[in-house]
Amino acid sequence: MSDVVTNLQVNSLNDLKQNNIRSQRRGLPFIVASVIIWSLIAVIQLLPLDITTKNLYTFFCSPLLMPIAFITSKIIKADIFGNKSNPLNSLGFIFTINQMLYLLIVMWAFSIAPGSMLMIYAMVFSAHLLPFGWLYNSKSYTIISVIATITALIIGINLGNFILSIFMMSVELILAISLGLQNRLLKD
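Rules behind the numbers
- Residues numbered from 1 in each chain as written.
- Predicted model: local features only at pLDDT ≥ 70, side-chain atom pairs only at ≥ 80, totals over all residues.
- Heavy atoms only, no water.
- Helix = DSSP H or I, 4+ residues; strand = E, 2+ residues; numbered from the N terminus.
- Rg over C-alpha atoms; globule rule 2.2 N^0.38 Å.
- Contact = heavy atoms within 4.5 Å.
- Areas by Shrake-Rupley, 256 points an atom, 1.4 Å probe, with all protein chains shown as cover.
- Lys, Arg positive; Asp, Glu negative; His and termini not counted.
- Charge placed at Lys NZ, Arg CZ, Asp CG, Glu CD.
- Phe/Tyr/Trp six-rings, centres within 6.5 Å; stacked < 30°, edge-to-face > 60°.
- Buried < 20%, exposed > 50% of the residue type's maximum accessible area, 1.4 Å probe, protein only.
- Polar contact = N/O pair within 3.5 Å; in protein donor to acceptor, adjacent residues only side chain to side chain.
- Core = buried A, V, L, I, M, F, W, Y, C linked by side-chain atoms within 4.5 Å.
- Axes fitted to C-alpha atoms, helices over the stretch in contact; angles between N-to-C directions.
- Parallel < 35°, antiparallel > 145°, perpendicular 65-115°, else oblique.
- Nonpolar A, V, L, I, M, F, W, Y, C, P; charged D, E, K, R; others polar.

## As for the overall build of the protein chain
Here is step 1: What the protein chain contains, in helices and strands, is 9 helices and 0 strands.
Here is step 2: Listing every helix and strand of the protein chain by position from the N terminus yields α-α-α-α-α-α-α-α-α.
Here is step 3: A globule of 188 residues ought to have a C-alpha radius of gyration of about 16 Å, and the protein chain, at 18 Å, matches this closely.
Here is step 4: Viewed in the frame of its principal axes, the protein chain has a C-alpha envelope of about 65 × 35 × 25 Å.
Here is step 5: Once local pairs closer than 6 in sequence are excluded, the contacts in the protein chain between residues at least 24 apart make up 76%.
Here is step 6: Just so you have it, the protein chain exposes about 10,200 Å², and 72% of that area is on carbon and sulfur atoms.
Here is step 7: Within the protein chain, the 6 negative side-chain charges are centred at a point lying 7 Å from the centre of the 11 positive side-chain charges.

Here is the structure:
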């Protein structure tokens, strides 16, 4: 009897995940928004400004995430706010809010280690993608999260902020393409 209950729970969880994956298109609107934001950050890195001003403008890019994701969701017919009766939608929101807590470290770097702020921001952003691999049944999130976090550290230390921002834009574009291809396989 216990195995039957466990199987029903697993099937129910899988059904909830599939519903979430279909409705939110594996979070693709947020990843597309991230490509645009990292592109803007790359442009900022090219501007003839001091590091503090570049870092401040980088922070100004963050609030663009929701409006860009919302517009993208309308274009690709995704429901980024999801079905309120599906508890996994709330879990995805918690995964996202978790990143906000880590932004306190980025804010600390803004004042104490301004030259490293973008690297830390990129690492926090990349690392926060990890649980979405489970939520959306996508190895792309998992792989990109690990590779991008480690590579952001290496690039940030050795190659500088412009190369780092181009790397982040590129890795987000690769993730967006991968998710788009995975979404094509969905049965609506």
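## Let's talk about the packing of aromatic side chains
Here is step 1: Counted according to the given criterion, the structure contains 10 aromatic pairs.
Here is step 2: Both rings, one in phenylalanine 132 and one in tyrosine 136, keep their centres 5.9 Å apart while their planes meet at 15°; by these two values the pair is stacked. You'll find phenylalanine 132 and tyrosine 136 in the same group, each marked buried.
Here is step 3: A centroid spacing of 5.8 Å and a plane angle of 35° characterise the contact between phenylalanine 132 and tyrosine 141, whose relative ring orientation is tilted.
Here is step 4: Looking at tyrosine 141, the relative accessible area reads 2%, which means it is buried.
Here is step 5: Within the aromatic cluster, the residues linked to one another by ring pairs are Trp38, Phe59, Phe110, Tyr121 and Phe125.

## Things to note about the side chain of arginine 26
Here is step 1: With respect to the element layout, arginine 26 can be found in the loop between helix H1 (2-24) and helix H2 (28-46).
Here is step 2: Here arginine 26 falls in the buried class, since its relative accessible area comes to 9%.
Here is step 3: Looking at arginine 26, its side chain comes within polar contact range of the side chain of glutamine 182, at 3.3 Å.
Here is step 4: Not counting residues up to four positions away in its chain, the partners in contact with arginine 26 are Ile21, Tyr136, Asn137, Ser138, Tyr141, Leu179, Gln182, Asn183 and Leu186.

## Things to note about the nonpolar core
Nonpolar side chains tend toward joint burial in soluble globular proteins.
Here is step 1: In terms of nonpolar packing, the biggest core is built from 42 residues, with Trp38, Tyr141, Leu164 and Met168 touching the most fellow members.
Here is step 2: Only H2, helix H4 (65-76), helix H5 (87-112), helix H6 (117-127), helix H7 (130-135), helix H8 (139-158) and helix H9 (161-184) provide two or more residues apiece to this core.
Here is step 3: Here this core takes 8 residues from H6, the largest share from any one element.
Here is step 4: When neighbours within four sequence positions are excluded, leucine 164 is seen to be in contact with Leu118, Met119, Ala122, Ala152, Ile155 and Gly156.

## A few points about the packing of H8 against H9
Angle between the axes and distance between the axes: these two values describe a pair of packed helices.
Here is step 1: Two numbers describe how H8 lies on H9: the axes approach to 10 Å, and their chain directions differ by 175°. With respect to H9, the axis of H8 lies roughly antiparallel. Packed against H8, whose contacting residues are Ser140, Tyr141, Ile144, Ala148, Thr151, Ala152, Ile155 and Gly156, the element H9 presents Ile163, Leu164, Phe167, Val171, Ile174, Leu175, Ser178, Leu179 and Gln182 at the interface.
Here is step 2: Across the contact of H8 with H9, the residue classes break down as 12 nonpolar, 5 polar and no charged.

## Looking at H6
Here is step 1: Most of H6 sits out of view: 9 of its 11 residues are buried.
Here is step 2: All of the buried residues along H6 are Met117, Leu118, Met119, Ile120, Tyr121, Ala122, Val124, Phe125 and Ser126.
Here is step 3: Structurally, H6 contributes buried residues whose contacts are with H2, helix H3 (51-61), H5, H7, H8 and H9.

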